Amino acid sequence: MNVLKELRHRTAKALAPLVDDPQPFAAMVKPAQDAQFGDYQANCAMPLAGKLKQKPREIAEQIVANLEVDDLCEPPEIAGPGFINFKLKDDWIASQGQALLNDERLGVEDSEADRTVVVDFSSPNVAKPMHVGHLRSTVLGDAICRILRFRGTQVHSDNHIGDWGTQFGMIIYGYKHFLDQSAFAENQVAELSRLYRLVNQLSDYHAAVKALPELEEQLQSQQQLLEAKRGELDTSDKKARKEIGKLEAAVKATQDRIESTRSKLKEVESDPALKALADQDLEIARHARLETAKLHQGDAENTELWNQFLPACLAMLHQMYERLDIHFDMELGESFYQPMLTDVVDSLKQQGLASESDGAMCVFIEGNDAPFLVQKQDGAFTYATTDLATIRYRINELKADEILYVVDARQSEHFKLLFETARQWGFDQTEYQHVSFGTILGEDKRPFKTRSGDTVGLESLIDEAVAQSRKIVDEIDDSKPDGPELDAETRANVAEMVGIGGIKYADLRHNRDSDYVFSWDKMLAKDGDTATYVQYAHARICGIFRKGDIDRASLRTASGSPLISAPEERALLLQLTRFGEAIEAVCEDYRPNQLTQYLFELSNLFSSFYVNCIVLKEENAELRTSRLKLCDLTARTLQTGLKLLGIETPEQM
Ligand code: ARG
C-alpha cells in the first residue's frame, strides 16, 4: 500500500464537507520533516483559513474530527497554528512489513497497464564517438524506462539516432579529400571521427577568418561608446552606473569572442600541414553541406558511402550500450523518417499550418517570434520535419499516449514549438514532455572537457571509473578483519559494477534541471550519497546471511510480523514501507533523484539499525528472526531500487 496516497485519500474525504474541491488541499499531506512530530503532516488548515474565514486551528479540529484513520494511525494531533500530525501505529507498520516480505513488487502498485509511453532518449548523432554530453540522456532515459515498466506502464524505448544530419556530409567530404587509407582499414570509426573533427575544424577556421574583422570593428565601436558615456554620465548616479556596467559587460563579451576566434585561427595557422589543408578549400563548409544535400537527394555514390559507414558507427554505439547495460526496444533513427517528410510538409500546408516565408516553409506559432522551419529555401527538410514525422509514427503506429524526450535543456525552444505544432496538426490527444536536463561541468564550472580542451570520451570515462573503483574494492577487501575474501576476477567484476554504477548514480542523484560538477572523489566515496555506499550496504547484508548460513526464502514465510523493539527498527521498517511512494514521486515529474534519495536514506537507516540492534547473535529467537526479516527486506529493496536505476549490486564487496 502507498501510505501517502492513502492518507491523502482519507484527508480528502475528511475535507469534503468543508470545501468543494478537496484534492489540492489533501495533496498537502507530506512526509514529516522532523520525526518528533510524527510520520506525516498536513498543513492544509492554514491556506484554508482565508478561504473559509475561520481560524486555522478550528479548521484543523474539524478535519481531525472527520478523519477516519484509526486503523493505521494513532489519533492525529494538532500542533502550532494548525498542523495535523499523523503517527502510524507500530503494529500497522509491522503488518505492512510482513506483507512486503512476500511481495515481489515491494509494495509498488501495478498501475497504468493501459498506458503507452514512448521514451526518446540517448539519441546521439552517430559518426562521432559518444562523449560525456551523451551520458545524462542515456542514463536518465534508461532509469525512467525501467521505473515506468516496473510500475506496469507499456514502454517503448526508442533511440532516435541522428544518422542523417549534416555530420554525414562532413564525413563524406572528409572521406573524399582527406582519407588515410591504412588508418581506415585498421579502425573505420576512429578514422571517420578524425575526418569529422578535421572538416569541422577547417570549417570553423574559415568562419573565424571571416568573423574576426567584424568582431574587431564591433569592439572598437563598443569601446568608443563606453568612453563617450563615461565622459558624459554622472557616475554618482545609480542608473548611470548601471548603464556603464552594461556597456562594460558587452565589451568584455566581445573581447572573449575575439579571444576564442583568435585561438581557432592559431590552432590551424601554427600547424603548416593543417594550414595547407585549410588553403585547399576556402568554402569547405558549403561544400560539406552540398555533400549532405546530395545524400538527401539520393546521389548514388554518397548513398553507398552512407550505407558503408553506418553499420560501423552503430556497432561502436552498441558496444557502449552493452557495457552500460542499456537496451532499446527500437532504434529508428532520423533516416527512417526520410521517405515521409514530403508528405508531412504537404499535410501541414493543406491544413493551412505551414506557409511560405522567404522561400522557406514555416509554421508560425502564436506568441512566438521565431517560426518553426520545416523546409529550407533549398528544399532541404529539417530536424523539425523529422520530429513531426516521428510524432505521427509514434502515435499512429505505436499508439503512444505520452511521448517523453530526454534531451538537453538547450533544445527547449525546439520542443516547445514542436509540441505546439503537433497539437495544431491534430495530434492533441497525446501528452508530450521534454524531460530536460542541465550540463555536466568540470571542476572549473565550465562544460566538462579534457585537459587539452576536447570533449571527454565516454569509453575513457568508464575505463577511468572502473580503474578508480578497483582501488576502492581492493582497499575494502584488504582491510577485512579476517583477511581478504575476493579473488582477482571477482574484484574486477565488482569494480566494473561499482565504476559504472558510480557514474550512473552521480548523474541521477542530481536534480535533472541543474548543472552539476563532475567529481571523481564525490562520485565514488565509500560514505556519501553514492552508488558505492548503497551497494556496500547491500553487500554487507548479503554478508550477514552468508555468515549465519540463513535461508532467505524460508525467512519470508516464517510466521509473525516483524517486531518493533527499538526506534531504529521502527524507522527502518517505516522507510521500507515507503518504496512505493518513492517510485510514485519519480513518476510525477520523471525525477530519478527521488529514488536515489530514498535509497540513500534507507542505507543510512539500515546502518543505524545495524549499529544499535544485534542480529545474528541475538539470543531471543523471535527477535533474531524479526531482525533478519528486516535485513532481507532492506537488501531486496536496495537491490530492486538500484536495478531500476540501471545499477548492479554485487553480493560481496
Ligand atoms: N540527435 C539529437 C542531438 O544529439 C537529439 C535527438 C533528440 N530526440 C529528438 N526526437 N529530437 O542533439
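Refer to the preceding data block for the structure.
Residues numbered from 1 in each chain as written. Predicted model: local features only at pLDDT ≥ 70, side-chain atom pairs only at ≥ 80, totals over all residues. Heavy atoms only, no water.

1. Digging into a positive patch on the surface
Then step 1. Together, K238, R241, K242 and K246 give the surface a local cluster of positive charge.
Then step 2. Its location among the elements puts R241 in helix α10 (residues 238–269).
Then step 3. Taking relative accessible area as the criterion, R241 reaches 44% and is therefore assigned partly exposed. (Patch = residues over 30% accessible without salt bridge, like charges linked within 9 Å, V, L, I, M, F, W, Y side chains within 5 Å. Areas by Shrake-Rupley, 256 points an atom, 1.4 Å probe, with all protein chains shown as cover. Salt bridge = Lys/Arg side-chain N within 4 Å of Asp/Glu carboxyl O. Lys, Arg positive; Asp, Glu negative; His and termini not counted. Charge placed at Lys NZ, Arg CZ, Asp CG, Glu CD. Helix = DSSP H or I, 4+ residues; strand = E, 2+ residues; numbered from the N terminus. Buried < 20%, exposed > 50% of the residue type's maximum accessible area, 1.4 Å probe, protein only.)

2. Comments concerning the site of the ligand
Then step 1. In the neighbourhood of the ligand, the contacting residues comprise D120, S123, N125, H160, Y383, D387, Y405, V407, Q411 and F415.
Then step 2. Between D387 and the ligand, the recorded distance is 2.8 Å, taken from a side-chain N or O atom to a nitrogen atom.
Then step 3. The fraction of the free accessible surface of the ligand (350 Å²) that becomes covered by protein chains is 87%. (Near = heavy atom within 4 Å. Polar contact = N/O pair within 3.5 Å; in protein donor to acceptor, adjacent residues only side chain to side chain.)

3. What about the packing of aromatic side chains?
Then step 1. What the rule picks out here adds up to 22 aromatic pairs.
Then step 2. When the ring centre of F150 is taken as reference, the NZ or CZ atom of R105 above it lies at 5.1 Å. (Phe/Tyr/Trp six-rings, centres within 6.5 Å; stacked < 30°, edge-to-face > 60°. Lys NZ or Arg CZ within 6 Å of the ring centre and 35° of its normal.)

4. Focus on helix α7 (residues 166–178)
Then step 1. Here α7 spans 18 Å end to end across 13 residues, near enough to the 18 Å set by a 1.5 Å rise per residue.
Then step 2. Three or more residues of α7 are buried, namely Q167, F168, G169, M170, I171, I172, Y173, G174 and F178.
Then step 3. Where α7 is buried, its residues meet α9 (188–232), α11 (272–280), α12 (284–296) and α13 (300–324). (Expected span 1.5 Å × (residues − 1). Contact = heavy atoms within 4.5 Å.)

5. Description of the sheet that holds strand β7 (residues 354–357)
Then step 1. Spatial ordering of the open sheet is given by β7-β8-β9, a layout of three strands whose pairing is antiparallel. In the strand order of this sheet, the two ends are held by β7 and β9 (372–375), each with one partner. In this sheet, adjacent strand axes meet at a mean angle of 45° when their direction is disregarded.
Then step 2. Here β7 pairs with strand β8 (residues 360–363) via four bridges, running antiparallel. Bridging from a neighbouring strand, E356 pairs with M361 of β8. (Pairing = 2+ DSSP bridges. Axes fitted to C-alpha atoms, helices over the stretch in contact; angles between N-to-C directions.)

6. Notes on the pairing of strand β5 (residues 116–120)
Then step 1. Within β5, five of the five residues are buried, which leaves the element mostly enclosed by the surrounding structure.
Then step 2. Residues T116, V118 and D120 line one face of β5 and the alternating positions V117 and V119 line the opposite face, and both faces are buried.

7. Describing the state of the cysteines
Then step 1. Inspection of the entire model under this criterion finds zero disulfides.
Then step 2. With no disulfide of its own, C613 lies 9.5 Å from the sulfur of C631, the closest cysteine sulfur.
Then step 3. Using a relative accessible area of 3% as the deciding quantity, one classes C613 as buried. (Disulfide = S-S within 2.5 Å.)

8. Some words on unusual backbone geometry
Then step 1. If you check the backbone angles, D358 has positive phi at about 55° while not being a glycine.
Then step 2. Along the chain, D358 turns up in the loop between β7 and β8.
Then step 3. Even without being glycine, K399 reaches a positive phi, approximately 60°.
Then step 4. Within the fold, K399 resides in the loop between α15 (383–396) and β10 (402–408).

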